[in-house]
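# Report on the structure
Residues per chain, in single letters:
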Amino acid sequence: MRKKVIAANWKMNKNRGEAEDYINKFLPLLGNINATDPEVIICPPFTSLQTLHDAVQGSYVKTGGQDIFWETSGAFTGEISAPMLTDCGCSYVIVGHSERRHILDESDYNINRKIKSSLAGALIPILCVGETLQERQNDLARQVVKDQMEKALLGIDITAGNLIVAYEPVWAIGTGVNASPDDAQDMIAFIREQLSQLYNPELASAIPILYGGSVKKANMHDFIIKADIDGALVGSASLDPREFSEIVRSVKNG
Ligand code: 13P
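The paragraphs below set out a description of the structure included in this document. All of these numbers come straight from a predicted model, not from anything done at the bench.

## A few points about the overall build of the protein
Within the protein one finds 11 helices and 8 strands. Against the globule reference of 18 Å for 254 residues, the protein gives a C-alpha radius of gyration of 17 Å, in line with a compact fold. Judged by the C-alpha coordinates and their principal axes, the protein covers about 45 × 45 × 35 Å. In the protein, buried positions account for 52% of the 254 residues. For the protein, contacts bridging at least 24 residues in sequence account for 74% of all contacts bridging at least 6. Summed over its atoms, the accessible surface of the protein is roughly 11100 Å², and 49% of this surface lies on carbon and sulfur atoms. Of the side chains in the protein, 24 bear a positive and 32 a negative charge, and the two mean positions are spaced by 3 Å.

So this is what it looks like as structure tokens:
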């Protein structure tokens, strides 16, 4: 049985006070689902990491960064390293989010270096892959995602516990138009097949693969009942503690 995972990507939202306020509301709403299955992860901006980590103490909620640099220290203005993230209490880090790929021109090569530095620094990367609308319309979705997977994981040994993949079709992010659960299942099964070819079937069947793109409490159940979908990476709906707690509950009740 694969672990279910629900991760919040707050993107560039919430300062320290807002993060603390959120957790004060969110933890009581979790109630009896305060346990490790599903694993609940919140990824705030770097500036709120320590505050968030302090606020979730005593709960099962884990924290993660939204990005990482591949060196551990040095003259890299503006960057944040694996030791800095773990120092702030992170166990996870998002790598290769489409907003970084498309707005900040992040390359597959750098994503590969970031996955390597995450693993070397004892952080579990949440590797994001997904096609644009144009790529989907041109019937290139599978090829694009295959390519992203191969390049991100090139030369990297993984184990069942040290990787999460998130399939986030770019056209579904922040648009309110989610992929259909059938299409998401189809692509996520395809990603699992890629993992099987890159590694082996046992490992592929043990790695959590999440769906991301306009997930909300109203549609989470339709995704989680699919055979290969192990949870979600949630953007805007994770900014509201009540909505996010309902999404977690929906996954718990499966
Ligand atoms: P939305 O849930 O706002 O569509 O964002 C998804 C996302 O990008 C999560 O990483």
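More follows now that the structure is in view.
## Things to note about empty space enclosed by the protein
Once rolled over the atoms, a probe with the size of a water molecule shows which space is left empty. A complete count under the given rule lists 1 cavity of 30 Å³ or more for this structure. In this structure, the largest cavity spans a volume of roughly 40 Å³. When contributions to the lining of the largest cavity are tallied by element, the ones reaching two or more residues are α4 (98–103) and β5 (124–129). The class makeup of the residues in the lining of the largest cavity is 2 nonpolar, 4 polar and 2 charged.

## Some thoughts on the site of the ligand
Lining the immediate environment of the ligand, one finds Asn9, Lys11, His97, Glu168, Ala172, Ile173, Gly174, Gly213, Ser214, Leu233, Gly235 and Ser236. His97 is positioned such that a nitrogen or oxygen atom in its side chain is 2.8 Å from an oxygen atom of the ligand. Backbone polar atom of Gly235 to an oxygen atom of the ligand: 2.9 Å apart, as the coordinates give it. Burial of the ligand by the protein amounts to 98% of the accessible area it has alone, namely 310 Å². Taken atom by atom, the bulk of the ligand overlaps the second largest pocket. Split into classes, the residues belonging to the shell around the ligand amount to 3 nonpolar, 7 polar and 2 charged.

## Some details on the side chain of Asn112
Mapped onto the elements, Asn112 comes out in helix α5 (residues 108–120). With residues near it in sequence (within four places) discarded, Asn112 still touches Lys151, Ala152, Leu153, Leu154 and Ile156.

## A look at the sheet that holds strand β6 (residues 164–167)
Spatial ordering of the closed barrel is given by β1-β2-β3-β4-β5-β6-β7-β8, a layout of 8 strands whose pairing is parallel. Between one strand axis and the next, the sheet turns by 25° as a mean value, whatever way the strands run. Note: β5 against β6, 4 bridges, orientation parallel. Along β6, the bridge assignment pairs Ile126 with Ile164. This element, helix α8 (residues 181–198), spans β5, β6 and β7 (209–212) of the sheet and lies at about 145° to β7.

## Structural notes on helix α7 (residues 141–152)
Spanning 12 residues, α7 covers 16 Å between terminal C-alpha atoms, matching the ideal 16 Å at 1.5 Å per step. Residues of α7 that are buried include every one of Ala141, Val144, Val145, Gln148, Met149 and Ala152, and no others. Take α7 and look down its axis: the buried residues cluster within an arc of 130°, on one side only. Buried residues belonging to α7 abut α4, α5, β5, α6 (133–137), β6 and α8.

## Some words on helix α11 (residues 241–253)
Along its 13 residues, α11 runs 18 Å from first to last C-alpha, staying within 8% of the 18 Å computed at 1.5 Å per residue. What α11 keeps buried is the set Pro241, Glu243, Phe244, Ser245, Ile247, Val248, Ser250 and Val251. For α11, the elements touching its buried residues are β1 (5–9), α1 (16–30), β2 (39–43), α10 (217–224) and β8 (231–234). One or two positions beyond α11, positive phi appears at Gly254, with a value near 45°.

Parameters at a glance
Residues numbered from 1 in each chain as written. Predicted model: local features only at pLDDT ≥ 70, side-chain atom pairs only at ≥ 80, totals over all residues. Heavy atoms only, no water. Helix = DSSP H or I, 4+ residues; strand = E, 2+ residues; numbered from the N terminus. Rg over C-alpha atoms; globule rule 2.2 N^0.38 Å. Buried < 20%, exposed > 50% of the residue type's maximum accessible area, 1.4 Å probe, protein only. Contact = heavy atoms within 4.5 Å. Areas by Shrake-Rupley, 256 points an atom, 1.4 Å probe, with all protein chains shown as cover. Lys, Arg positive; Asp, Glu negative; His and termini not counted. Charge placed at Lys NZ, Arg CZ, Asp CG, Glu CD. 1 Å grid on protein atoms, 1.4 Å probe; cavity = no way out; pocket = protein on both sides within 12 Å on 5 of 7 lines; lining within 4 Å. Points joined across faces, edges and corners; volume = space filled by probe spheres on them. Nonpolar A, V, L, I, M, F, W, Y, C, P; charged D, E, K, R; others polar. Near = heavy atom within 4 Å. Polar contact = N/O pair within 3.5 Å; in protein donor to acceptor, adjacent residues only side chain to side chain. Sits in = over half its atoms within 2 Å of the grid points. Pairing = 2+ DSSP bridges. Axes fitted to C-alpha atoms, helices over the stretch in contact; angles between N-to-C directions. Expected span 1.5 Å × (residues − 1). Arc of directions from axis to C-beta.

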